[in-house]
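Residues per chain, in single letters:
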Amino acid sequence: MKGVPGLQCVETVDSIKLATKLDAAVSSAAAAEATTAAAASASPRTVPLPVFVQVNTSGEESKHGVEPSAAAPLALEIKQRCTNLKVAGLMTIGQPDYSSRPENFVCLSNVRSEVAKVLGCEPAELELSMGMSGDFEAAIQMGSTNVRVGLTIFGARNYG
């Protein structure tokens, strides 16, 4: 997509409105890249683009994501309406201190089973992105296939 030519995955899809806009952008970018000479020497865009449905497993108002019960219907709608996207997994964000309780990880794992059922695939085919710098070890123990450890690599963010 324009401005992010190396985009490989989007982990924060939490509405069909966002998925539809992303689907259209991927379609447009793929068509544009296919017609340029530069695309011949560059790696082609991944189509369909893998996306993760963001699930709010903690119920916190400060977190984005769909309620756990809404994840499977959203994943199915993305599959049916967004031909340039592929639901690759689910993601959640931990508590305010970027740690999470085991029940948040168990919840996401249970949601994965529901999503796999509506998509007609095995749960193991869907990745789980859970765990950040403060809780990645527990997340891995509970089945996470992706962790986000930016704080460990880059340090704390400066919001000033």
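Scroll up to find the structure this text is about.
What this report covers is the structure whose coordinates are included nearby. These numbers were taken from a predicted model, which means no experiment stands behind them. (Residues numbered from 1 in each chain as written. Predicted model: local features only at pLDDT ≥ 70, side-chain atom pairs only at ≥ 80, totals over all residues. Heavy atoms only, no water.)

**Examining the overall build of the protein chain**
Where we set the bar: Each helix corresponds to a stretch of at least 4 residues labelled H or I by DSSP, and each strand to a stretch of at least 2 residues labelled E; elements are numbered beginning at the N terminus. Note on contacts: a residue pair is in contact if any heavy atoms of the two residues lie within 4.5 Å. Residue burial considers only the protein chains on display, and all accessible areas are found by Shrake-Rupley using a 1.4 Å probe.
Check the secondary structure of the protein chain and you find six helices and five strands. For the protein chain, the N- to C-terminal ordering of α and β elements is β-α-α-β-α-β-α-β-α-β-α. Within the protein chain, counting contacts between residues at least 6 apart in sequence, those at least 24 apart form 64% of the total. Of the roughly 8,900 Å² that the protein chain leaves accessible, carbon and sulfur atoms contribute 57%.

**Here we look at the nonpolar core**
Definition in use: To form a nonpolar core, buried Ala, Val, Leu, Ile, Met, Phe, Trp, Tyr and Cys residues must be joined to one another through side-chain atoms within 4.5 Å. Between buried and exposed lies partly exposed: a residue is buried under 20% and exposed over 50% of the maximum accessible area for its type, with that area taken using a 1.4 Å probe on protein chains only.
Of all hydrophobic cores here, the largest spans 32 residues; its most connected members are Leu-22, Val-53, Val-55, Ile-78, Leu-85, Leu-90 and Val-115. Looking at this core, the elements that each hand over two or more residues are strand S1 (10-13), helix H1 (16-34), strand S2 (49-54), helix H3 (68-81), strand S3 (85-91), helix H4 (102-119) and strand S4 (127-132). With seven residues, the top contributor of residues to this core is H4.

**Things to note about H4**
Side chains of residues three or four places apart in an α-helix project in the same direction, reflecting 3.6 residues per turn. Put simply, the test is: Multiplying 1.5 Å by the helix residue count minus one yields the expected span of that helix.
In this model H4 runs 26 Å from its N-terminal to its C-terminal C-alpha over 18 residues, within 8% of the 26 Å that 1.5 Å per residue would give. Gly-120 sits one or two residues past H4 and shows a positive phi near 75 degrees.

**What to know about the pairing of S3**
Applicable threshold: Note: two strands are recorded as paired if DSSP finds a minimum of 2 bridges between them. Here the term right-handed applies to a crossover when the path leading from its first strand over the helix to its second strand runs clockwise, the strands being oriented away from the viewer.
Buried residues dominate S3, accounting for six of its seven residues. The pairing of S2 with S3 spans six bridges and is parallel. In the sheet register, Gln-54 faces S3, and the bridge partner there is Met-91. Crossover S2 to S3 through H3 is right-handed.

**Details of the packing of H3 against H4**
Condition: Fitted lines through C-alpha atoms serve as axes, helices being fitted only where they are in contact, and the angles separating the N-to-C directions of these axes extend from 0 to 180 degrees. Take the far helix as the reference: if the near one is turned anticlockwise from it by less than a right angle, the crossing is left-handed, and if turned clockwise, right-handed.
Two elements in contact, H3 and H4, have axes whose closest approach is 9 Å; the angle formed by their N-to-C orientations is 35 degrees. For H3 against H4, the interelement crossing comes out right-handed. Counting all contacts with H3, which are made through Pro-68, Ala-71, Ala-72, Ala-75, Leu-76 and Lys-79, the residues of H4 involved are Cys-107, Val-111, Glu-114, Val-115, Val-118 and Leu-119.

**Description of the pattern of salt bridges**
What counts is decided by this rule: The salt bridge definition used is simple: a Lys or Arg side-chain nitrogen within 4 Å of an Asp or Glu carboxyl oxygen.
Throughout the structure, instances matching the rule amount to two salt bridges. Two residues, Glu-60 and Lys-63, come together in a salt bridge whose shortest N-O distance is 3.6 Å. As far as burial versus exposure is concerned, Glu-60 and Lys-63 are alike and both buried.

**Quick word on the environment of Glu-137**
Within the secondary structure layout, Glu-137 lies in helix H5 (residues 136-141). Separated by ten residues in sequence, Glu-137 and Val-147 place their C-alpha atoms 9.1 Å apart.

**Section: the environment of Thr-12**
As for its placement among the helices and strands, Thr-12 is situated in strand S1. Look past the residues within four positions of Thr-12 in its chain and what remains in contact with it is Leu-18, Phe-52, Gln-54 and Met-91.

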